[in-house]
Structures are given as C-alpha cells and as structure tokens.
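Chains, contacts and geometry: an overview
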Amino acid sequence: MQIISGKVIVTCPGRNFVTLKLETDEGIYGIGDATLNGREQAVVAYLQEHVIPCLTGRDPHQVEDTWQYLYRGAYWRRGPVTMCAIAAVDTALWDIKAKAAGLPLYQLLGGRSRQAVLVYGHANGRDIDETAEQVGKYIDMGYRAIRAQCGVPGLASTYGVAADKLFYEPADADLPTENTWSTEKYLLHVPQLFERLRNEFGFGPHLLHDAHHRLTPIEAARLGRDLEPYRLFWLEDSVACENQQSFRLIRQHTTTPLAVGEVFNSIYDCQQLIAEQLIDYIRTSVVHAGGITQLRRIASLAELYHVRTGCHGATDLSPVCMGVALHFDTWVPNFGIQEYMRHSEATDEVFPHDYHFADGYLHTGETPGHGVDIDEALAAKYPYQRAFLPVNRLEDGTMFNW
Ligand code: GCO
Ligand code: MG
C-alpha cells in the first residue's frame, strides 16, 4: 500500500478545526486531527509545506518509522505546531492500519482493558449558586465526575465560566479579548465553592477543578491544602509548567491529587513530573502530544510511577481526537479519566462518529479504524474564521497567564 495524497481540511462549524486526510492507492483513507486553538493556520502551513510532500509514496503501515522520520528528520524538534502536525499524520496512519486490518483501533493497541471510559463534564456558573445548579444538572445527565468552575466576586470574567452552559468556547474573538485576574480574590473563593458542593451533593460524585496555570507554587500549595477536606479527584494546572520542579514544593504541602499536561507536546515535558512522582494524572492529548505513537510511550512511562492518564478533551480537540482518545482510553492499563466537553450539533454533523455517552461513560464503537469521519461537503459550508484565545492582565495592568 502507498500514500498517494494528503489533504488539509479547515472547517468552522461554530469553531475552527483542522483535519488531515491521507489517501492510499488501495482506496483506504485515514483521518487525523491537527487543531491548535487560535494558531490553526500555522499547522496548516506546516502540514502543507513541510510534511505532506514527504509522505507521497510511503508505506502507510510504517507508522513508527514515519513518526521518527517527521520528528528526528526535521532536526527542529518538539513545539506545538510541529507536534500537532505529526499527531495528525500518526492518527491518520493508525486509522488506515486499523481499517486495513478490519479492526477497531483499540484492538491494535492491545485490546480492551475496560468496558467503558469514565468521563468528566464541565459545570460552571457566574457564582456559587449557579455552579451548584449546573453540577446538579450534570448529575441528572448521568455524569459521575464533574469539573466545577465559578465566577470570582470582584472579577468581571474568569477562565471556565461560559455564557453557554454545555458548550464552553474560550476562543471568542477576532482579536484577543482582555480579561482581568486577581489570585487573592480567587484563592479566597474556590474553597467556598467546594464546601457548598460537598454539602449539597455529598462525596459520591468526583469533583475536579482547573486553576489554568495561574498560581505560584506556594499559592498552589495553599489551594491544594485548603481543598483537602473536599477530596477532589484532581486539581489541574495549578502552576505554569515550564518549570517542572515547581511541583516539588506543591507536593510537599498537599495530598490533593495533581494533574497537568494539556499544553505539553513531548514526553520530555512530562519526564521529571512523572519520574519524581510529582503528579497523579498526566493530561497530554493525542493531538497536542504527537499522536498515539508518543502518547502511549508517555502512558507507559507514567505506569511505572503510578501516574494515571486523564486526556485533555476540550471542544477545541475535534471529534476525531476524541474518537482516537477513546480507543486509547479503552486500552491503556493506567487509565484515570477522560475530559469530555460536548461538541456542538453542527460539529458532530461535520464529523460523523460511532462513540456515544451513557451513564457517565463514553463508549467506543466497533467500526474498523478510529470510527470518526469527516463530511467534506458539509465541512466546506463552514469557512475558517479567525478566533483567538483571550489574554489576561492583573488588576494593575500587568500581563499575566490566561
Ligand atoms: C481544559 C482546558 C481548556 C483550554 C483550551 C485551550 O481543561 O479543558 O484548560 O479549556 O483552555 O483547550 O484551547
Ligand atoms: Mg485545563
């Protein structure tokens, strides 16, 4: 079998998605997600100019060799743009291999390790009452694990609080929106949210929270400690994680489980955190961490150190990425949880898929491949629209982390 063409499809059914389609001389094709939120066109150019021309004529079954060719062969390694492009190729090749074998992808990875994939949904509100009401709604929908985010008194807006309660979409403007942040106000408020949620819903549902890289290590240690009575499933992205040793300090002070990794794109970004057992969950995703080929290496490293997986699954990761993540989750021995933010109806129509939600779990289908396709005619009806993630400033105007 040979790869005969590669096509990049950009579509915006409510938000932008970049999809790679690789076709073979035997009529089998594979699909991969290449979406990098707010930087979509950089990946499109990387694929079109620097990757696709090297793929023509290659044997699609050589998944590992192609990964190494694109990673080592580029000389310039790592980085989100490069790794998204490699991920898209890798995903499309695994899709082709599984289709050629006539098997759902999880069978090629090692087969089923669990019946279904535990997922967490996103409850959020402008204040504690509204967030509590949303948590109740998620419980009614069958969710067993819920991430709770809440507006902070004195701040006009904050990360994770959406106008539309089911479909959170942070890339909201043609140029970056400016938000204002105060760590002091936030740190006082969050424990009150979780006290209320545990009082109202008990300790049955798993509760999670995302600090979105906004704290210093000692602030994160304080928050982890303040949240201990409420037994969170995890506290996510408490500090910006370029400096992995920050987690040593946090770890010394709190037993709240820690999760990190959605912005990581290489196994080396995870290495110290995993090997020193500074985290409990690694959140790298198929699309941002170089595809299944690298993600499973990360998971295997994590397994050695009792670290479990918790793949990023926000709406900016397309249904293709979600479908593949579910095959990975169905197989991976050290599975923890999967994030599941629902895609809009328009998105689901552009990307027909065979996974479904029931009773707090997502279930993969049995279609050969990863089970997600793209309706190109429909995709063409939604042209690209530039959209940026917001930026964040402190109250005195200092540029900060979003
Ligand atoms: C999450 C993430 C997202 C990111 C988004 C950026 O935990 O789901 O933090 O909400 O902000 O994926 O593109
Ligand atoms: Mg996050």
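Details of the structure are given in the entry above.
Reading guide: rules and limits
- Residues numbered from 1 in each chain as written.
- Chains lettered and ligands numbered in written order.
- Predicted model: local features only at pLDDT ≥ 70, side-chain atom pairs only at ≥ 80, totals over all residues.
- Heavy atoms only, no water.
- Donors = N, O, S within 2.8 Å, 3.2 Å for Na, K, Ca; no water.
- Helix = DSSP H or I, 4+ residues; strand = E, 2+ residues; numbered from the N terminus.
- Buried < 20%, exposed > 50% of the residue type's maximum accessible area, 1.4 Å probe, protein only.
- Contact = heavy atoms within 4.5 Å.
- Pairing = 2+ DSSP bridges.
- Right-handed = clockwise from strand over helix to strand, strands pointing away.
- Near = heavy atom within 4 Å.
- Polar contact = N/O pair within 3.5 Å; in protein donor to acceptor, adjacent residues only side chain to side chain.
- Areas by Shrake-Rupley, 256 points an atom, 1.4 Å probe, with all protein chains shown as cover.
- Salt bridge = Lys/Arg side-chain N within 4 Å of Asp/Glu carboxyl O.
- Axes fitted to C-alpha atoms, helices over the stretch in contact; angles between N-to-C directions.
- Left-handed = near helix turned anticlockwise from the far one by under 90°.
- Nonpolar A, V, L, I, M, F, W, Y, C, P; charged D, E, K, R; others polar.
- Arc of directions from axis to C-beta.

1. Considerations on the coordination of the magnesium ion (ligand 2)
Binding of the magnesium ion (ligand 2) to the protein goes through Asp 210 (OD), Glu 236 (OE) and Glu 262 (OE), at separations of 2.0 to 2.2 Å. The sequence motif formed by the donor residues of the magnesium ion (ligand 2) is D-x25-E-x25-E. Linking Glu 236 in strand β8 (residues 234–236) with Glu 262 in the loop between β9 (258–260) and α9 (267–275), this pair joins segments that are 26 residues apart in sequence. Each member of the pair, Glu 236 together with Glu 262, is buried.

2. Examining the environment of Ile 31
Examined against the element boundaries, Ile 31 turns out to sit in strand β3 (residues 29–33). Assessed through its relative accessible area of 0%, Ile 31 is described here as buried. Separated by 194 residues in sequence, Ile 31 and Arg 225 have C-alpha atoms that sit 44 Å apart. In contact with Ile 31, other than residues within four places in its own chain, are Thr 19, Leu 20, Lys 21, Thr 91, Ala 92, Asp 95, Val 320, His 370, Val 372, Asp 373 and Ile 374.

3. So, the pairing of strand β5 (residues 145–150)
Counting buried residues along β5, six of its six residues qualify, which places the element largely inside the surrounding structure. Burial along β5 is two-sided: Ala 145, Arg 147 and Gln 149 facing one way and Ile 146, Ala 148 and Cys 150 facing the other are all buried. As defined by bridge partners, strand β4 (residues 117–125) adjoins β5 across six bridges and the pair is classed as parallel. If you follow His 122 over to β5, its bridge partner there is Arg 147. In this view, the connection linking β4 to its parallel neighbour β5 by way of helix α5 (residues 128–140) has right-handed handedness. Here three bridges tie β5 to strand β7 (residues 206–210), and the two strands are oriented parallel to one another. Within the sheet, the bridge partner assigned to Arg 147 lies in β7 and is Leu 208.

4. Side note on the site of ligand 1
Taken together, 13 residues sit near ligand 1, with Tyr 159, His 212, Glu 262, Asp 316 and Glu 339 positioned nearest. Arg 147 places a side-chain nitrogen or oxygen 3.2 Å from an oxygen atom of ligand 1. The separation between an oxygen atom of ligand 1 and a polar side-chain atom of Asp 316 is 2.8 Å. A total of 340 Å² of accessible area belongs to ligand 1 in isolation, and the protein chains cover 95% of it.

5. Quick notes on the pattern of salt bridges
Enumeration according to the criterion identifies 22 salt bridges in this entry. Arg 393 is the partner of Glu 178 in a salt bridge, and the nearest nitrogen-oxygen pair spans 2.7 Å. You can see Glu 178 sitting in strand β6 (residues 178–181) and its partner Arg 393 sitting in strand β15 (residues 391–394), a full 215 residues away along the chain. Notably, a salt bridge pairs Arg 283 with Glu 339, separated by 2.8 Å at the nearest N-O pair. Of this pair, Arg 283 sits in the loop between β10 (281–282) and α10 (291–304) while Glu 339 sits in strand β12 (residues 338–339), placing them 56 residues apart in sequence.

6. A closer look at the pairing of β6
Only one face of β6 is buried: it carries Asn 179 and Trp 181, and the other face, with Glu 178 and Thr 180, is open. Pairing of β6 with β15, which is carried by four bridges, proceeds in the parallel orientation. For Glu 178, the partnering residue across the bridge sits in β15 and is Val 391.

7. Regarding the packing of α10 against helix α11 (residues 319–331)
Running from amino to carboxyl end, α10 crosses α11 at an angle of 30 degrees, the nearest separation of the two axes being 12 Å. Along this stretch, α10 crosses α11, giving a crossing that reads as right-handed. Along the contact surface, α10 presents Ile 292, Leu 295, Arg 296 and Ala 299, while α11 presents Val 324, Phe 328 and Trp 331. Of the residues assigned to the contact of α10 with α11, the class counts are six nonpolar, no polar and one charged.

8. Observations regarding the environment of Asn 265
In this fold, Asn 265 is placed in the loop between β9 and α9. Separated by 187 residues in sequence, Asn 265 and Arg 78 have C-alpha atoms that sit 6.7 Å apart. Residues in contact with Asn 265, not counting those within four places in the same chain, are Arg 78, Gly 79, Pro 80, Met 83, His 288, Ala 289 and Gln 294.

9. A closer look at helix α2 (residues 63–71)
In an α-helix there are 3.6 residues to a turn, and that puts residues three or four apart on one side. Residues of α2 that are buried include every one of Val 63, Thr 66, Trp 67, Leu 70 and Tyr 71, and no others. What you see down the axis of α2 is that its buried residues fit within an arc of 125 degrees, all on one side. Buried residues in α2 make contact with α1 (40–55), α3 (80–101), α9 and α10.

Everything listed is a geometric property; what it means functionally is a separate question.
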